[in-house]
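Listed here are the chains, written in short residue letters.
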Amino acid sequence: MIQKIIMNKIAIIGHKNPDTDSIVSALVGVELFAKVFGEESLAYRAGELNNETKFVLKEIGVQPPLLMETLTGDVSVALVDHNEAGQISDQIDCSKIDYIIDHHKLSVKTEKPIFCAAQFIGSTASLIAKMFFEKNIAISESSCKLLLAGILSDTLNLTSPTTTQEDKELVVKLNEVAKLEIEGFVAGMFAAKSNLEGISIEDIITMDYKAYEMGDKNVGVGTWETTSPQSVNEKKDAIFERLIEKKVAEKLDSLFFMVVDIIGQNCQLYLIGEDEEKLAKSVFGGEIENKVMVLPGVVSRKKQIVPQLTEELNK
Ligand SMILES: [Mn+2]
């Protein structure tokens, strides 16, 4: 089915390979635009939902955003949870971007002035919650639940080094309305995220995959967050094979894959070739065993992998 956006409405959309934060940010974005900016908008998604997001939407009883298939007419676009060219839906003409609400490094170059809210904070959901609270505007109960899910997902239940004091305070404040039983909800999210039933090798690689420009190199970094790294390691050979194909097909200079152990708070960095091994050695300095470097305490691609690789490749 082809969805055409009605003229004068703002299309709110998160990144390709959407995660929970980018889906809830688009959904709650509609309430934000209505209440804070007085603008009509529609929520979209740039791809299929992952299992964690499916769990979240089912628990809260909210329909997913529409899949962005075509975008026609004189529309205005609001990007949430991303701004890097390689992560923007192929359907989007970048000259239509009028708003960015994000918590990643800024990389987009715009041709005109835009509204940009960006902050170092644990999730885009946190930033959206703040935008309501700062204006003393009430948030609906279902939006409070969605925002909580976004914060708890992106910060791995407030344990990731990307977590700020503000995130912790926002969880408490949002839960005054949402009244979620947080520990149980998070356990459900993590179980859904870790469940490999019906998940192909391709899914493991691409579900949380992002491409970056680092210096003059194109670098891909995929992540799989799980409570059971063993379940992924069992498929290591097949994952390596598929990663090598992806690197060639997408003309990447390097391609990394992180298996993040949410409970053990570490990451196994899969190193598919000599380029990756060399880079990982000089940037992270760990031991490589069977093409895997274990990085204790590393769980965040955004904070603990991408800036370090970018710095090295900018040299
Ligand atoms: Mn995010």
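Residues numbered from 1 in each chain as written. Predicted model: local features only at pLDDT ≥ 70, side-chain atom pairs only at ≥ 80, totals over all residues.

Formed by 82 residues in total, the largest nonpolar core has its most connected members in I12, I13, A78, L79, L147, L148 and M258. In terms of residue count, the dominant contributor to this core is helix α1 (residues 20-37) (8 residues). Taken domain by domain, the makeup of this core includes at least three residues from each of domain 1 (10-191) and domain 2 (201-314). Setting aside residues up to four positions removed in sequence, L79 forms contacts with I13, I88, I97, Y99, I100 and D102. (Core = buried A, V, L, I, M, F, W, Y, C linked by C-beta atoms within 7 Å. Buried ≥ 20, exposed ≤ 12 C-beta atoms within 10 Å, placed from the backbone. Helix = DSSP H or I, 4+ residues; strand = E, 2+ residues; numbered from the N terminus. Domains from an automatic or database assignment. Contact = placed C-beta atoms within 7 Å.)

With that settled, consider the sheet that holds strand β7 (residues 209-214). Pairing is mixed across the open sheet formed by 6 strands, whose spatial order is β7-β8-β9-β10-β12-β11. Pairing within the sheet leaves two strands with one partner each, and these edge strands are β7 and β11 (288-289). In this sheet, strand β9 (residues 254-261) lies alongside strand β8 (residues 217-226) in parallel orientation, the contact comprising 8 bridges. Of the residues in β9, the one forming a bridge with T226 is D261. Across the face of the sheet, helix α9 (residues 236-249) comes into contact with β9 and β10 (266-271) while running at roughly 145 degrees to β9. (Pairing = 2+ DSSP bridges. Axes fitted to C-alpha atoms, helices over the stretch in contact; angles between N-to-C directions.)

This brings us to the domain arrangement of the protein chain. The domains assigned to the protein chain are domain 1 (10-191) and domain 2 (201-314). On a C-alpha basis, the centres of domain 1 and domain 2 stand 25 Å from each other. On the domain 2 side, the residues contacting the 13 residues of domain 1 number 15 residues. For the side of domain 1 that touches domain 2, the class distribution of residues is 3 nonpolar, 8 polar and 2 charged. (Nonpolar A, V, L, I, M, F, W, Y, C, P; charged D, E, K, R; others polar.)

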